Each structure stands twice: as structure tokens, then as C-alpha cells.
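As a plain string of letters, each chain reads:
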Amino acid sequence: MIYIYNDFGGTHTTVLAAAYHLKKLTPTRAPTDREILTTHNFNKLVYADRGKLFFHGIDDEGNPVYTMGRGKSKILIPGAVNLLSMLMEEHKLREKIVLSNTSPTVPLPMTLGGMLSRWLKIDAIGVPLLLYGAKIAYRDIVNLVDHTKSAAKQSSSQLLVLDNKRFT
């Protein structure tokens, strides 16, 4: 099984989801500022990284975990689903793929912090907002990852797309 967490930028909630999924962050408390800032790719990706898959590790069940930023694209995920479905139908891809949208967990401070830090390069204001937003969102991210793993195990579909709207 391959897990791919995705959202707009692929550098905040997705990387926190991947870190929790891989047990690099604990579910019992919000991460510290240091833990957040040292999470692989947290607040590091740029516009040109959109659509790229970033490997984060192998989970305790042997499944690779990736993240991806979609940007404003409304066609990236449907296009990826179409390509993956075609490869599965032609038996060129045998792995179960789980695409899980982390966007519903993004709180307003994280949105504002991301815009200030990534777009306007104002880290002095943006990064504290990102850290605050990450702590607000963390419980929802934990629940989303737990839901993603559970849905993946319960689904018989080889390709599972989770929009996760219930986490808004």
C-alpha cells in the first residue's frame, strides 16, 4: 500500500500527517515548535515543487508514505487518479494507493502563516502563525491519519481517494 497525503502547498499539514503516520510525532500531545520546524519539508517547499511526490519513509507495516502539494490545480488529483487507474487496469501497478486530502485540517492561522512565509517571505510573522496553526490543527491531523489508515484497511478498492471533508 502507498499513502500519499496531499493539500495546497504540500509543506504544512501534509508533512505533519506523514510524520505522525510514521510515528515521528506522538498522538498524545501537540508537537513542540522544534518538532514542527524539524519535520521533513515543513515550510520548505516552493511553487515549483507542486505536483511532485516527496518520500517521507516506510511505516511500521512496510508501506511507503509520500506527500504532495496540488496548488490551485483542480485537475492534478483527477489526472493522477486517471493515470493510476489505467496502470492498475493494465496490471502495471499492483500496489493499493491511498490519496488523502489534508486540506480540511488547515486552520486560518496556518493559511495566513503560509501566505506570509512562503509567498511574501515574511518569516518573522508567518512562521509563528504556522506554528500556532500547526498546534491548533494537530488533533484533527491525528484523527485524519487514523481515519486514512482505517479506511485503507477496510476498503477493497485498489485506489482510494479520501477528500476528508468531515475534518473541516
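The coordinates are above.
Presented here is a report on the structure given in the accompanying data block.

About the thresholds
- Residues numbered from 1 in each chain as written.
- Predicted model: local features only at pLDDT ≥ 70, side-chain atom pairs only at ≥ 80, totals over all residues.
- Heavy atoms only, no water.
- Core = buried A, V, L, I, M, F, W, Y, C linked by side-chain atoms within 4.5 Å.
- Buried < 20%, exposed > 50% of the residue type's maximum accessible area, 1.4 Å probe, protein only.
- Helix = DSSP H or I, 4+ residues; strand = E, 2+ residues; numbered from the N terminus.
- Contact = heavy atoms within 4.5 Å.
- Pairing = 2+ DSSP bridges.
- Axes fitted to C-alpha atoms, helices over the stretch in contact; angles between N-to-C directions.
- Parallel < 35°, antiparallel > 145°, perpendicular 65-115°, else oblique.
- Left-handed = near helix turned anticlockwise from the far one by under 90°.
- Nonpolar A, V, L, I, M, F, W, Y, C, P; charged D, E, K, R; others polar.
- Salt bridge = Lys/Arg side-chain N within 4 Å of Asp/Glu carboxyl O.

Let's talk about the nonpolar core
Okay, so step 1: Within the largest apolar cluster, 31 residues are counted, with the highest numbers of intra-cluster contacts made by Tyr3, Tyr5, Leu16 and Val98.
Okay, so step 2: Those elements that provide at least two residues to this core are β1 (2–7), α1 (13–21), α5 (123–154) and β5 (159–162).
Okay, so step 3: Sequence-distant contacts of Tyr3, defined by excluding residues within four places in its chain, comprise His21, Asp59, Asn63, Pro64, Val65, Tyr66, Val98, Thr148, Lys149 and Ala152.
Okay, so step 4: Residues Ile4, Met68, Leu84 and Leu93 belong to the second largest nonpolar core, which totals 10 residues.

Side note on the pairing of β1
Okay, so step 1: Among the six residues of β1, six are classified as buried, and the element is accordingly described as predominantly covered.
Okay, so step 2: Bridging between β1 and strand β4 (residues 97–101) involves five bridges; their strand directions are parallel. Among the inter-strand pairings, Tyr3 is bridged to a residue of β4, identified as Val98.
Okay, so step 3: With five bridges joining them, β1 and strand β3 (residues 64–69) adopt parallel strand pairing. Following the sheet pairing, Tyr5 is matched in β3 by Thr67.

Thoughts on the pairing of strand β2 (residues 54–58)
Okay, so step 1: Where β2 meets β3, four bridges bridge the pair, whose relative direction is antiparallel. Bridge pairing in β3 places Ile58 opposite Pro64.
Okay, so step 2: Counted along the chain from β2 to the antiparallel partner β3, the turn is five residues long, and its residue Gly62 has a positive phi close to 85 degrees.

Some details on the sheet that holds β1
Okay, so step 1: Spatially, five strands are ordered β2-β3-β1-β4-β5 in an open sheet, and the strand pairing comes out mixed. Every interior strand has two partners, whereas the edge strands, β2 and β5, have only one. Here the average twist between neighbouring strands, direction ignored, is 20 degrees.
Okay, so step 2: In this fold α1 packs onto β1, β2 and β3, with an angle of close to 150 degrees to the strand it touches most, β1.

A closer look at the packing of α1 against α5
Helix-helix packing is characterised by the crossing angle of the two axes and by the distance between the axes.
Okay, so step 1: Direction vectors running N to C along α1 and α5 enclose 60 degrees, while the axes themselves pass 9 Å from each other. What the angle tells us is that α1 and α5 run oblique. As for the relative orientation of α1 and α5, their crossing is right-handed in sense. Residues Thr13, Leu16, Ala17, Tyr20 and His21 of α1 form the contact with α5, whose own contacting residues are Ala134, Tyr138, Ile141, Val142, Val145, Asp146 and Lys149.
Okay, so step 2: Here the residues of the contact of α1 with α5 are counted per class, giving eight nonpolar, two polar and two charged.

A short note on the pattern of salt bridges
Okay, so step 1: Throughout the structure, instances matching the rule amount to six salt bridges.
Okay, so step 2: Residue Arg29 pairs with Glu35 through a salt bridge whose shortest N-O separation is 2.9 Å.
Okay, so step 3: On the accessibility criterion, Arg29 (38% relative accessible area) is partly exposed.
Okay, so step 4: Overall, Glu35 belongs to the partly exposed group, its relative accessible area being 24%.
Okay, so step 5: The residue Glu90 makes a salt bridge to Lys92 at a minimum N-O spacing of 3.6 Å.
Okay, so step 6: Residue classification places Glu90 among the partly exposed positions, given a relative accessible area of 41%.
Okay, so step 7: The exposed category is assigned to Lys92, whose relative accessible area is 62%.

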